[in-house]
Amino acid sequence: MAHVTSCQVLLVLFCLTLFSHAYTTKNEITKENMCSCFQGPPGTPGTPGVPGMHGYRGQDGGKGEKGYPGDIGKPGRKGDMGIDGPLGPPGDRGKRGTKGLKGDFGDKGDQGQKGECLHSSKKVAFSVTRSKMLGPVLEHTAVYFDRVLTNVGAHFDEITSHFVCKINGTYLLSVHVLGQQKRDAFAWIMLNQNHQVPVHGDSRAGYGTGSNTIILRLTQEDHVWIQLRANSALMNDYSTFSGYLLFED
């Protein structure tokens, strides 16, 4: 034994390795053959296992394609009335409607306060005429009226034949003249020394007549009178001068 060489030892180890490999390969082939030749009947299925736990939520899928429009649904119920909207612009004027029926009389109202009187509390009126012919005059002449028919308030001055204002107010005054045959009767209504309106009786009519009326606002001591123009002539009581107070200031 002491004379075993190293070469012999290596040879023995090499042989053992080959044998071990061959033995292992042979055993595996034999095991497989044995399983295929002696397989028994299937076993009884086991009882179902306990349900597993819910898994985690998956990620959201992508947006799908647009679907086709659905059928029109039935009308819904009528909604509640909304709040009043803003006032719109005025519309066009409509056609005039038919006349309505006469309504009932309303209740009698309370008596109002006493109003102011619109009529003058003072009365002024006059009317005068002539009893004789006048003219033809050679120059402008104040006409004298010697017959006083009315002189309420005594504002007509019989000496000057002027109406003299004593109450501030608005007056109506008028004059009528009748000319002599083939003579003009041309006169003026005068306020103080100012001509106001003319009066003309044309001689071409034979006996010419003329009239005029004026409304004047007068103050105290204003004089209204009649002036006859030069070369004019008047008949007698056909010529008159009249006036009265409309209302006080």
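Rules and cut-offs
- Residues numbered from 1 in each chain as written.
- Predicted model: local features only at pLDDT ≥ 70, side-chain atom pairs only at ≥ 80, totals over all residues.
- Heavy atoms only, no water.
- Helix = DSSP H or I, 4+ residues; strand = E, 2+ residues; numbered from the N terminus.
- Contact = heavy atoms within 4.5 Å.
- Pairing = 2+ DSSP bridges.
- Core = buried A, V, L, I, M, F, W, Y, C linked by side-chain atoms within 4.5 Å.
- Buried < 20%, exposed > 50% of the residue type's maximum accessible area, 1.4 Å probe, protein only.
- Salt bridge = Lys/Arg side-chain N within 4 Å of Asp/Glu carboxyl O.
- Axes fitted to C-alpha atoms, helices over the stretch in contact; angles between N-to-C directions.
- Polar contact = N/O pair within 3.5 Å; in protein donor to acceptor, adjacent residues only side chain to side chain.

(A) The side chain of Ser232, seen in detail. For Ser232, the position within the fold is in the loop between strand E10 (223–228) and strand E11 (240–248). Sequence-distant contacts of Ser232, defined by excluding residues within four places in its chain, comprise Gly135, Pro136, Val137, Asp184, Ala185 and Phe186.

(B) Molecular detail of the pairing of E11. One ladder, built from five bridges, connects strand E1 (residues 125–129) with E11; its direction is antiparallel. Paired with Ala125 across the two strands is Tyr244, which belongs to E11. Relative to E11, strand E6 (residues 169–178) runs antiparallel, the two being bridged by eight bridges. The residue bridging Thr170 from the neighbouring strand is Phe247, located in E11.

(C) Spotlight on the nonpolar core. Grouped together as the largest cluster of nonpolar side chains are 30 residues, with contacts concentrated most on Phe163, Tyr171, Leu173, Leu218, Val224, Ile226 and Phe241. Sorting the residues of this core by element identifies E1, E6, strand E7 (185–191), strand E8 (194–201), strand E9 (209–218), E10 and E11 as the ones contributing at least two each. When residues no more than four places from it in sequence are discounted, the contact partners of Leu218 are Phe163, Cys165, Ile167, Asn168, Gly169, Tyr171, Leu191, Val224 and Asp249.

(D) Structural detail: the pattern of salt bridges. Inspection of every chain in the model, using the stated rule, returns two salt bridges. Here Asp60 makes a salt bridge to Arg57, at a shortest N to O gap of 3.1 Å. When the shortest N-O distance is used, the salt bridge between Asp249 and Arg217 registers 3.3 Å. Taken together, the residues Asp249 in the segment after E11 and Arg217 in strand E9 connect sequence positions 32 residues apart. In terms of burial, Asp249 and Arg217 fall into one category: exposed.

(E) Broad picture of the sheet that holds E1. What the five strands build is an open sheet, ordered E3-E1-E11-E6-E9; its pairing is antiparallel. Where the open sheet ends on each side, the last strands, each with one partner, are strand E3 (147–152) and E9. The mean inter-strand angle of the sheet, taken between neighbouring strand axes irrespective of direction, is 10 degrees. Across five bridges, the pairing between E1 and E3 is antiparallel. Note that in E3 the partner of Ser127 across the bridge is Thr150.

(F) Quick peek at the pairing of E8. Of the pairings in the sheet, the one linking E7 to E8 comprises seven bridges and is antiparallel in character. From the neighbouring strand, Met190 faces E8, where its bridge partner is His195. With antiparallel pairing between neighbouring strands as the criterion, E7 and E8 make up a hairpin whose turn holds two residues, including Asn192 at a positive phi of roughly 60 degrees.

(G) Here's a closer look at the side chain of Gln180. Within the secondary structure, Gln180 sits in the loop between E6 and E7. Here Leu234 takes part through its backbone oxygen, which lies 3.0 Å from a polar atom of the side chain of Gln180. Once residues lying within four places of it in the same chain are set aside, the contact partners of Gln180 are Met133, Leu134, Gly135, Pro136, Gly206, Tyr207, Ala233, Leu234 and Met235.

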